[in-house]
Every structure is written in structure tokens, then in C-alpha cells.
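Descriptive structure summary
Chain by chain, the residues run as shown.
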Amino acid sequence: MKFLFRDNVVAKLKKLPDFGWMCLLYVTFFFRDAYSLVGDLSAEADSLAAQFAEMGMVVNTKAVMVVSSLIYPLIVTVIFELLIMAVYSLLARRFYIVSINRKDFAFRIRIVIILANLILGLIGIFYFFFAETRAILPAIFEYSVQTALLVWFYEQFRRSMLPKRIHAVFFMYIARIYVGIYLLIGAFQLITGLVSVPTPQGLELASLILWFLIPALSAVLGVIYYKRLVKISLETEDNDIFIRKDEDNNDIFKDLGF
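Some points on the overall build of the protein
A tally of regular secondary structure across the protein gives 9 helices and 0 strands. Split into buried and exposed, the 258 residues of the protein put 36% on the buried side. Intrachain contacts of the protein at a sequence separation of at least 6 include 77% that bridge at least 24 residues. Only carbon and sulfur atoms are counted for the fraction: they give 68% of the accessible area of the protein, which is about 16200 Å².

Here it is as C-alpha cells:
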């Protein structure tokens, strides 16, 4: 990640226009969810065809599957782009970020998510050969891979783009929202699963527990990381961009004894 965000590397990567990166993002979202799009949508298309058949209508299930599998990652990509714009606007207003503009911020986040999608897509290849792994592997890797890469990104981002004095508060502000959303979703899935009939067993139950447990564990690790950032926030600023200069400082008057 550090290599990816070096100035010379960023300059080379930026030669590809934003639309090109959005297309790459779209492709990797498709790659990440390939098993679901090919397998689940195929089953749904067959079910839809059966329903239409009862009404005396014929539907091309393959066409439905192809169109649906192409539209889904497009929707996810659009939502992602809108979300990044909203996140940047929120953070810029809250912390007055002047060291990075929205375009550059979105560019860097795209790279992180593309990497996460590629890793998850490679893991997803196992689903085609060992379908039973889909009951447990997403719960282990989907949140953890993405979160690990985002924390790795933040390590580089805070060092070069943020003054030390806000490293801790900036992280906690984002982490509370990010982890909180996943904890709520995980808790809801676990509770509804446990009260459902029949009660989930085996891998299904383990998956429900992990969807909540892994975000909960990340919250604990996040607190430890936050305490480290608090100590860093108290250190003397060493980045010239963020060193506060005394506007009243005037060497001429000092020399005169004023």
C-alpha cells in the first residue's frame, strides 16, 4: 500500500482517467460477486421463468441472468461513487481537510476497494468447486479483508495528509460509523437467525456468529489502535505542511529587541 501511494506511482496511475478506474471498479465488483451473480441469479431467473410460464408467458432465462448480472455491479459502483463523494464532503467539513481534494481522495479509495475486490474474487473461486465453503468463507473474509486494507490505507493517509493533532479523532470518527454499521447488521442477522425456526446449525450458525464476532473483534483492535494514535497526536508535528506558523513572528523586530 505504501508503494501504491508514492507520488511517482500515483502520478503514473492517474494517467488512466476517472472513467477508466470506475470501469475497473465495476469489473472487480463483478469478479468479487461472480458466484452469486452466476449461481444465485440463474436460480432466480429459472424461478421467474416458471412463474411467467404459469401465466402462459415465455421468458428467456439466460437473457434475464445476463442482464441482471451486468446491472448489479453497475448499481453497486454508482452507490460506491456517491458514497465516497458524501464521505469526503462530510470529512472535509468536519475536519477541514485541505491537503487532499475530493478527486484525489476518491482515486485512492478506489484503488483500495479494487484490491479488496480482487482478493475476495480470488477467494470466491473456491465457491465454484467447493460450494459448501460459501457458508463460512464470506463471513471470515468479506469484512476482514476490506477493513484490513482500509486501515492500511489510513496509515498512509494520516502520515501524509493529516496533521498529527487530528490522527486519533479522525480515525475514531470514521471507525465508529463504519464498525457500528457492520455490528448492527451482524447483530440483527444473529438475533433473527437464532429466533428463526428451524434454528441454524453447523456452518450456517457459525457464519452468523462470525458476521457479528469479527466486527466486534475489530472494534477492540480499533480501540487499541486509537490509543496508539492518541499518543502520536501529542507528538511534535514533523510535516512542514501542517506546522503552525506564528504569523506575528518577525525576525527584524526580534533583532531590535521589540
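Quick notes on the side chain of K164
Positionally, K164 belongs in the loop between α6 (137-161) and α7 (167-195). At a separation of 3.3 Å, a polar atom in the side chain of K164 contacts the main-chain carbonyl oxygen of T236. Apart from residues no more than four positions distant in its own chain, K164 is found in contact with I232, S233, E235, T236, E237 and D238.

A few points about the nonpolar core
In terms of nonpolar packing, the biggest core is built from 43 residues, with F105, Y154, F157 and F170 touching the most fellow members. Those elements giving two or more residues to this core turn out to be α2 (18-32), α4 (61-95), α5 (102-129), α6, α7 and α8 (202-233). In terms of residue count, α5 provides more of this core than any other element does, 12 residues in total. If we ignore the near neighbours within four places in the chain, the residues touching F105 are I84, V87, Y88, L91, I100 and F157.

Details of the packing of α2 against α5
Between α2 and α5, whose axes approach to 8 Å, the crossing angle comes to 25 degrees. Considering the angle they form, α2 stands roughly parallel to α5. As α2 runs across α5, the sense of the crossing is left-handed. Residue-level inspection shows D18, W21, M22, L24, L25, T28, F29, F31 and R32 of α2 in contact with α5, the latter providing K103, F107, R110, I111, I113, I114, N117, L118, L120, G121, L122 and I125. Of the residues that constitute the contact of α2 with α5, the class distribution is 14 nonpolar, 3 polar and 4 charged.

Side note on α2
Here α2 is 15 residues long and its end C-alpha atoms lie 21 Å apart, about the 21 Å a rise of 1.5 Å per residue gives. For α2, the complete set of buried residues consists of G20, W21, L25, T28 and F29.

A word on α5
The terminal C-alpha atoms of α5, which comprises 28 residues, lie 41 Å apart, in line with the 40 Å expected from a rise of 1.5 Å per residue. Measuring from the backbone nitrogen of K103 back to the side-chain oxygen at the start of α5 gives 3.3 Å, which picks out N101 as the cap.

Concerning the packing of aromatic side chains
Aromatic ring pairs: the centre-centre distance and the angle between the two ring planes describe each pair. For the coordinates displayed, the defined rule picks out 17 aromatic pairs. Geometrically, the ring pair formed by Y154 and F157 is tilted, given 6.5 Å between the ring centres and 40 degrees between the ring planes. Of the two residues, Y154 and F157 are both situated in helix α6; the distance of 3 residues between them amounts to about one turn of the helix. With relative accessibility at 3%, the residue F157 sits in the buried group.

Remarks on a nonpolar patch on the surface
A grouping of V38, L122, I125, F126, F128, F129 and F130 is seen on the molecular surface, where their side chains present a nonpolar patch of about 710 Å² in accessible area. Counting residues per element, the nonpolar patch draws most heavily on α5, at 5 residues. By secondary structure assignment, the location of L122 is in helix α5.

Comments concerning the side chain of T77
Locating T77 in the fold gives a position in helix α4. The buried category is assigned to T77, whose relative accessible area is 6%. Polar contacts involving the side chain of T77 include one to the main-chain carbonyl oxygen of P73, which spans 2.7 Å. Discounting residues that sit within four places of it in the chain, T77 has contacts with M22, L25, Y26 and F29.

Remarks on the pattern of salt bridges
Summed over the entire model, instances satisfying the criterion amount to 9 salt bridges. For D104, the salt bridge identified is with K14, shortest N-O distance 2.7 Å. With D104 in helix α5 and K14 in the loop between α1 (7-13) and α2, the pair connects residues that are 90 residues apart, well separated along the chain. For K164, the salt bridge is made with E235, and the minimal N-O distance between the two is 3.1 Å. Taken together, the residues K164 in the loop between α6 and α7 and E235 in the loop between α8 and α9 (251-255) connect sequence positions 71 residues apart. On the basis of relative accessibility, which here comes to 11%, the residue K164 falls in the buried class. Several salt bridges share partner residues, and in doing so they unite E155, R158, R159 and R228 into one network.

The rules behind these values
Sequence order as written defines the numbering, with residues in each chain counted from 1. Local features are withheld for residues below a pLDDT of 70 in this predicted model, meaning they are given only at 70 or higher, and side-chain atom pairs are given and counted only at 80 or more; totals for whole chains, interfaces and linings count all residues. With hydrogens and water stripped out, all remaining heavy atoms of the structure feed into the side-chain values. Going along the chain from the N terminus, every DSSP run of H or I of four or more residues is numbered as a helix, and every run of E of two or more is numbered as a strand. We call a residue buried when its accessible area falls under 20% of the maximum for its residue type, exposed when it is over 50%, and partly exposed in between, using a 1.4 Å probe and counting protein chains only. Any two residues whose heavy atoms approach within 4.5 Å are treated as being in contact. The accessible surface values rely on the Shrake-Rupley method and a 1.4 Å probe; as for residues, cover is taken only from the protein chains in view. In protein, a polar contact requires one atom able to donate a hydrogen and another able to accept it; more generally it is a pair of N or O atoms within 3.5 Å, and residues adjacent in sequence count only if both atoms are side-chain atoms. Residues belong to a common nonpolar core when they are buried Ala, Val, Leu, Ile, Met, Phe, Trp, Tyr or Cys residues joined through side-chain atoms within 4.5 Å. Lines fitted to the C-alpha atoms define the axes, with helices restricted to the stretch that makes contact. Angles between their N-to-C directions range from 0 to 180 degrees. Here the angle decides the label: under 35 degrees means roughly parallel, over 145 means roughly antiparallel, 65 to 115 means roughly perpendicular, and every other value means oblique. The handedness criterion is simple: a crossing whose near helix is rotated anticlockwise from the far helix by less than a right angle is left-handed, and one whose near helix is rotated clockwise is right-handed. All residues other than Ala, Val, Leu, Ile, Met, Phe, Trp, Tyr, Cys, Pro, Asp, Glu, Lys and Arg, Gly among them, are scored as polar; the first ten of these are nonpolar and the last four charged. In this scheme, a helix's expected span is set at 1.5 Å multiplied by one less than its residue total. Aromatic rings from Phe, Tyr and Trp, with only the six-membered ring used for Trp, were paired whenever their centres fell within 6.5 Å, and each pair was classed as stacked if the ring planes differed by under 30 degrees, edge-to-face if by over 60, and tilted otherwise. What goes into a patch is any residue over 30% in relative accessible area without a salt bridge, connected to like charges within 9 Å or, for nonpolar side chains (Val, Leu, Ile, Met, Phe, Trp, Tyr), within 5 Å. Each reported salt bridge corresponds to a side-chain nitrogen of Lys or Arg within 4 Å of a carboxyl oxygen of Asp or Glu.

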